[in-house]
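Analysis of the macromolecular model
The primary structure of each chain is shown beneath.
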Amino acid sequence: MKALYLTSVEAAGKTALCLGIGKKLMQEGKKVGFFRPVRLSDPGLTDGYRDTLFIKEALGIGEPLDTLSPIVISRRDLWQGLTTDTESFKQKLEQAYNRASLKKETVIMEGLSDLTIDKVATETCYQVTEALDSRAVIVLRYSRALAASKVAEVSQRLGQKLLGVVINFVPKPKIEQIKDDLETSFQKEGIKVLGVLPEERTLLGVSVAELAKALNGEIVTHPEAEGEIIENIMLGAMSPDPATDYFGRKANKAAVIRGERADMQLAALRTSTNCLVLTGNVPPSPIILNEAEIKRVPIIVVKQNITSTIAGIEEALKQTKFHSLKKLEKFSQILEENFDFQTLYRELGLKA
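A brief report on the enclosed structure follows. (Residues numbered from 1 in each chain as written. Predicted model: local features only at pLDDT ≥ 70, side-chain atom pairs only at ≥ 80, totals over all residues. Heavy atoms only, no water.)

**Here's the deal with the layout of surface pockets**
Which entries qualify depends on this criterion: Here a cavity denotes grid points, spaced 1 Å and computed from the protein atoms alone, that fit a 1.4 Å probe unable to get out, and a pocket denotes an open set having protein on both sides within 12 Å along at least 5 of 7 lines; residues with an atom within 4 Å of a point are the lining. Grid points are joined across faces, edges and corners, and a volume is the space filled by probe spheres set on the points. Helix and strand assignments come from DSSP, with helices taken as H or I runs of at least 4 residues and strands as E runs of at least 2, each series counted from the N terminus. Residues are grouped as follows: Ala, Val, Leu, Ile, Met, Phe, Trp, Tyr, Cys and Pro are nonpolar; Asp, Glu, Lys and Arg are charged; every other residue, Gly included, is polar.
Estimates place the volume of the second largest pocket at around 470 Å³. Lining the second largest pocket are 18 residues, and of these Arg-50, Ser-207, Ala-209, Glu-210 and Lys-213 lie nearest its centre. Looking at the lining of the second largest pocket, the elements that each hand over two or more residues are helix 2 (49-59), strand 9 (206-207), helix 10 (208-215) and helix 15 (325-338). Considering only residue class, the lining of the second largest pocket consists of 6 nonpolar, 6 polar and 6 charged.

**Considerations on the sheet that holds strand 12 (residues 232-235)**
Going by this rule: Two strands pair if DSSP finds at least two bridges between them. All axes are obtained by fitting lines to C-alpha atoms, using only the stretch in contact for helices, and the reported angles, taken between N-to-C directions, cover 0 to 180 degrees. Any pair of residues with heavy atoms lying within 4.5 Å of one another is described as a contacting pair.
Pairing within the open sheet is mixed, and its 5 strands lie in the order 10-15-14-13-12. Whereas interior strands pair on both sides, the edge strands pair on one side only; in this sheet they are strand 10 (218-221) and strand 12. The average angle at which neighbouring strand axes cross in this sheet is 25°, direction not considered. Here strand 14 (residues 273-279) runs beside strand 15 (residues 299-301); their pairing, made up of 3 bridges, is parallel. Bridging from a neighbouring strand, Leu-278 pairs with Val-301 of strand 15. Where helix 10 meets the sheet, it contacts strand 10, strand 13 (253-258), strand 14 and strand 15, and its direction lies at approximately 15° from that of strand 14.

**Details of the pattern of salt bridges**
Keep this limit in mind: For salt bridges, the criterion is a side-chain nitrogen of Lys or Arg within 4 Å of an Asp or Glu carboxyl oxygen.
Per the stated rule, a full pass over the model turns up 17 salt bridges. Close ionic contact of Arg-258 with Glu-260 constitutes a salt bridge, the shortest N to O distance being 2.9 Å.

**Describing the environment of Lys-327**
Put simply, the rule reads: Counted as a polar contact is a pair of N or O atoms within 3.5 Å, where, for protein atoms, one must be capable of donating a hydrogen and the other of accepting one, and residues adjacent in sequence contribute only when both atoms are in side chains.
Here Lys-327 shows up in helix 15. For the pair Lys-327 and Gly-205, spaced 122 residues apart in sequence, the C-alpha separation works out to 9.0 Å. Beyond its immediate chain neighbours, meaning those up to four positions away, Lys-327 contacts Thr-202, Leu-203, Gly-205, Ile-229, Thr-320, Lys-321 and Phe-322. Within the structure, the side chain of Lys-327 is placed 2.6 Å from the backbone oxygen of Gly-205, a separation counted as a polar contact.

**Observations regarding the packing of helix 12 (residues 262-269) against helix 13 (residues 286-295)**
The line we're drawing: An angle counts as roughly parallel when it lies under 35 degrees, as roughly antiparallel when it exceeds 145, as roughly perpendicular when it falls between 65 and 115, and as oblique in every other case.
Running from amino to carboxyl end, helix 12 crosses helix 13 at an angle of 10°, the nearest separation of the two axes being 10 Å. Between helix 12 and helix 13, the angle is such that the two are roughly parallel. Touching Ala-262, Gln-265, Leu-266 and Leu-269 of helix 12 are Ile-287, Ile-288, Glu-291, Ala-292 and Lys-295, all from helix 13.

**Overview of the nonpolar core**
Here is the rule we go by: Working definition of a nonpolar core: buried Ala, Val, Leu, Ile, Met, Phe, Trp, Tyr and Cys residues. They are joined through side-chain atoms within 4.5 Å. Partly exposed describes any residue whose relative accessible area lies between the buried limit of under 20% and the exposed limit of over 50%, with all areas from a 1.4 Å probe on protein chains only and scaled to the type maximum.
Grouped together as the largest cluster of nonpolar side chains are 45 residues, with contacts concentrated most on Phe-35, Leu-78, Met-109, Ile-138, Leu-140 and Phe-186. Looking at this core element by element, the count peaks at 6 residues for helix 6 (residues 119-131). Dropping the residues within four chain positions of it, Leu-78 is found in contact with Val-38, Leu-40, Ile-73, Phe-89, Leu-112, Val-120 and Thr-124. Among the nonpolar cores identified, the runner-up in size contains 35 residues, and Val-32, Ile-61, Leu-194 and Phe-331 belong to it.

**Some remarks on the packing of aromatic side chains**
Where we set the bar: Aromatic rings from Phe, Tyr and Trp, with only the six-membered ring used for Trp, were paired whenever their centres fell within 6.5 Å, and each pair was classed as stacked if the ring planes differed by under 30 degrees, edge-to-face if by over 60, and tilted otherwise. By definition here, charges over rings are those cases where NZ of Lys or CZ of Arg is within 6 Å of the ring centre and within 35 degrees of the ring normal.
Applying the stated criterion across every chain yields a total of 4 aromatic pairs. Considering the side-chain rings of Tyr-246 and Phe-247, the 5.0 Å spacing of their centres and the 55° angle between planes classify their relative orientation as tilted. In this pair, the class of Tyr-246 matches that of Phe-247, namely buried. Aromatic side chains Phe-341 and Tyr-345 sit 6.2 Å apart centroid to centroid with 35° between the ring planes, which places their arrangement in the tilted category. With Phe-341 and Tyr-345 both in helix 16 (residues 341-348) and 4 residues apart, the pair spans about one turn of that helix. Here Phe-341 matches Tyr-345 in class, with each residue buried. The positively charged end of Lys-24 is found above the aromatic ring belonging to Phe-341, 5.4 Å away from the centroid. When the ring centre of Tyr-345 is taken as reference, the NZ or CZ atom of Lys-30 above it lies at 5.6 Å.

This is how it looks when you write it as structure tokens:
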């Protein structure tokens, strides 16, 4: 049995990496399980139920949710388990892991975020990897200030249990230079860089369904396209240029247009548009409905005005999740091109 614990310093895409690695191993014929060692119950925290549910569904894992994510606990109680009631916590953790790992060759575990920043997340990483004899991967979000020193202390304590780091959201135009610099920097600290992943707009977008939910809107055409990913947002009548030229500047977009402006809506539909958002609770005209049917473009009708709609979209983009099979497909392609699966297999003792 091989266990792999994925954690991150900040929001850096660890759920996506869990899924991408899991999918690759399954394609190689491996029996893969998933396990979330602890799920924090405190209000407002994001390490939760929905991520586990999506992983279960996307990877086709048969075990119930309470097997995959059995320990739901507050930060305070978790800290007590890590520092005071250690034997009791360890026993509970091992029993839960044994149920989730039954008949599996590899179990991918998603740990808590805020490694190095939060003492609870950091101590959880140490104790889970020790108790379950797991290797660890740290996911980092790229910034100009990123350096190996950010995880040097964690690396030293994990020792051989640290398999390496993955650096995500690297700007595409400079990825080769950044990759060389980062690999050199981390190698000097004895830390292996398993992957340098480019920033991809598709993975940062929201689906039509997520957008409709965030705006409390109604999808009135092609609800079957609700999984389409919106990468760009454009407003109607925001340019002196002809409408078709203006909307043609960006692809895979949601065009936000006042409900009575059928002319602007028609122009948007004649370009690469994944969704129309009509404001003011005005239903689309027959002409627009017909064009949307031909182009198979979903239309969302919302009650808000333009200003409120844009505010709602901005909030939806902030809260976007990796809960999309289209995103998983794209991310899997990125991993194939940029992740060192050979090292992963070798370190876990798996045959490629």
